[in-house]
Amino acid sequence: MLVIDDDPEGARSLSELFRCYGCATAVAYSGRVGLRLSKLFKPELVFVDFEMPDMNGLEVVAEAKLIDAEEARQVMYVCLTGGGPAITEENAGAAGFNRLLYKPLKVTDLLAVLLAARPGNFVAGATAPTIRPARPAYTDRTPRH
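Described below are features of the structure shown in this document.

Rules and cut-offs
Every chain is numbered on its own, with residues counted from 1 as its sequence reads. Side-chain atom pairs in this predicted model are given and counted only at pLDDT of 80 or more, local residue features only at pLDDT of at least 70, and totals for whole chains, interfaces and linings cover all residues. Side-chain descriptors were evaluated using all non-hydrogen atoms of the structure, hydrogens and water having been removed beforehand. By the criteria applied, helices consist of DSSP H or I runs no shorter than four residues and strands consist of E runs no shorter than two, each listed in order from the N terminus. Only protein chains enter the accessibility calculation, which uses a 1.4 Å probe. A residue is then buried if its area is under 20% of the maximum for its type, exposed if over 50%, and partly exposed in between. Values of accessible area rely on a 1.4 Å probe in the Shrake-Rupley scheme; residue burial ignores everything except the protein chains shown. By this definition, two strands are paired if DSSP reports at least two bridges between them. Convention adopted: a line fitted to C-alpha atoms gives each axis, helices being fitted over their contacting stretch, and angles between N-to-C directions are expressed from 0 to 180 degrees. Two residues qualify as a contact provided that any one of their heavy atoms is within 4.5 Å of a heavy atom in the partner residue. Whenever a nitrogen or oxygen atom comes within 3.5 Å of another N or O atom, the pair is scored as a polar contact, on the condition that within protein one atom can donate a hydrogen and the other can accept it, and that pairs from neighbouring residues in sequence are kept only if both atoms are in side chains. Of the two site types, the cavity is a set of points on a 1 Å grid over the protein atoms alone where a 1.4 Å probe fits but cannot get out, and the pocket is an open set with protein on both sides within 12 Å along at least five of seven lines, each lined by residues with an atom within 4 Å of a point. Grid points are joined across faces, edges and corners, and a volume is the space filled by probe spheres set on the points. Throughout, the ten residues Ala, Val, Leu, Ile, Met, Phe, Trp, Tyr, Cys and Pro are labelled nonpolar, Asp, Glu, Lys and Arg are labelled charged, and all others, Gly among them, are labelled polar.

Some thoughts on the overall build of the protein
Piece 1. Each helix and strand in the protein was counted, giving five helices and five strands.
Piece 2. From first element to last, N terminus to C terminus, the protein shows the α and β order β-α-β-α-β-α-β-α-β-α.
Piece 3. Counting every position in the protein, which comprises 145 residues, the buried fraction comes to 34%.
Piece 4. Accessible surface, the protein as shown: approximately 8900 Å² in total, 57% of it carbon and sulfur.

Topic: unusual backbone geometry
For residues besides glycine, phi is generally negative; the peptide bonds are generally trans as well.
Piece 1. Each neighbour pair has its own omega, and for Lys 103 with Pro 104 the value is 0 degrees, a cis peptide bond.
Piece 2. Structurally, the position occupied by Pro 104 is in the loop between β5 (99-102) and α5 (107-117).
Piece 3. The backbone of Ala 72 shows a phi angle near 50 degrees, a positive value even though the residue is not glycine.
Piece 4. With respect to the helices and strands, the residue Ala 72 is situated in the loop between α3 (57-71) and β4 (76-81).

Some thoughts on the sheet that holds strand β3 (residues 45-49)
Piece 1. Spatially, β2-β1-β3-β4-β5 is the arrangement adopted by the five strands of the open sheet, whose pairing is parallel. Both edges of this open sheet fall to β2 (26-28) and β5, since each of them pairs with a single strand only. Neighbouring strand axes in the sheet, compared pairwise and without regard to direction, differ in orientation by 20 degrees on average.
Piece 2. Sheet topology note: the β3/β4 ladder contains five bridges and is parallel. Bridge assignment links Leu 45 to a residue of β4, and that residue is Met 76.
Piece 3. Strand contacts of helix α1 (residues 8-20): β1 (2-4), β2, β3 and β4, with the helix running at about 165 degrees to β1, the strand carrying the most contacts.

As for the side chain of Asp 5
Piece 1. Mapped onto the secondary structure, Asp 5 falls in the loop between β1 and α1.
Piece 2. For Asp 5, the side chain forms a polar contact with the main-chain nitrogen of Asp 7, separated by 3.0 Å.
Piece 3. Once residues within four sequence positions are removed from consideration, Asp 5 is found in contact with Ala 11, Ala 28, Tyr 29, Asp 49, Met 52, Leu 80 and Lys 103.

A few points about empty space enclosed by the protein
Piece 1. Overall, the coordinates contain one cavity of 30 Å³ or more when judged by the stated rule.
Piece 2. Volume-wise, the largest cavity comes out at about 40 Å³.
Piece 3. Contributing to the lining of the largest cavity are Leu 2, Ile 4, Gly 34, Leu 35, Ser 38, Val 46, Val 60, Ala 64 and Tyr 77.
Piece 4. Tallying contributions element by element places helix α2 (residues 31-41) first for the lining of the largest cavity, with three residues.
Piece 5. Of the residues that constitute the lining of the largest cavity, the class distribution is seven nonpolar, two polar and no charged.

Quick look at the structure:
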């Protein structure tokens, strides 16, 4: 999963959330870097901020789709936006985005995107992945004198 967003805090937070769900993630803070990283990382799911200083989300996805076609890859693109009249469901879809999410993002919307991108990873009725502690829990509680 790749996050392309000029807001470092938002991009890292989104990346960490998906990492907790077992996704390999990468982050780029500009459209041009995101395109280069996409060539190397070859993600299946890409979140692209609509408003970025170097390239907007529409330009990023247009170029990314050319790269995907050359490499015969299937990639799901999600547009992230704070709203406004510049982007709608219709023109996001026409530009190549599979989904449009409005900021502030909702975890339920993000997980729905993950399920749509990787439906075989989660089975109905199965327990949801949990966040594991960084180290094993201390189980021997007997005092030592």
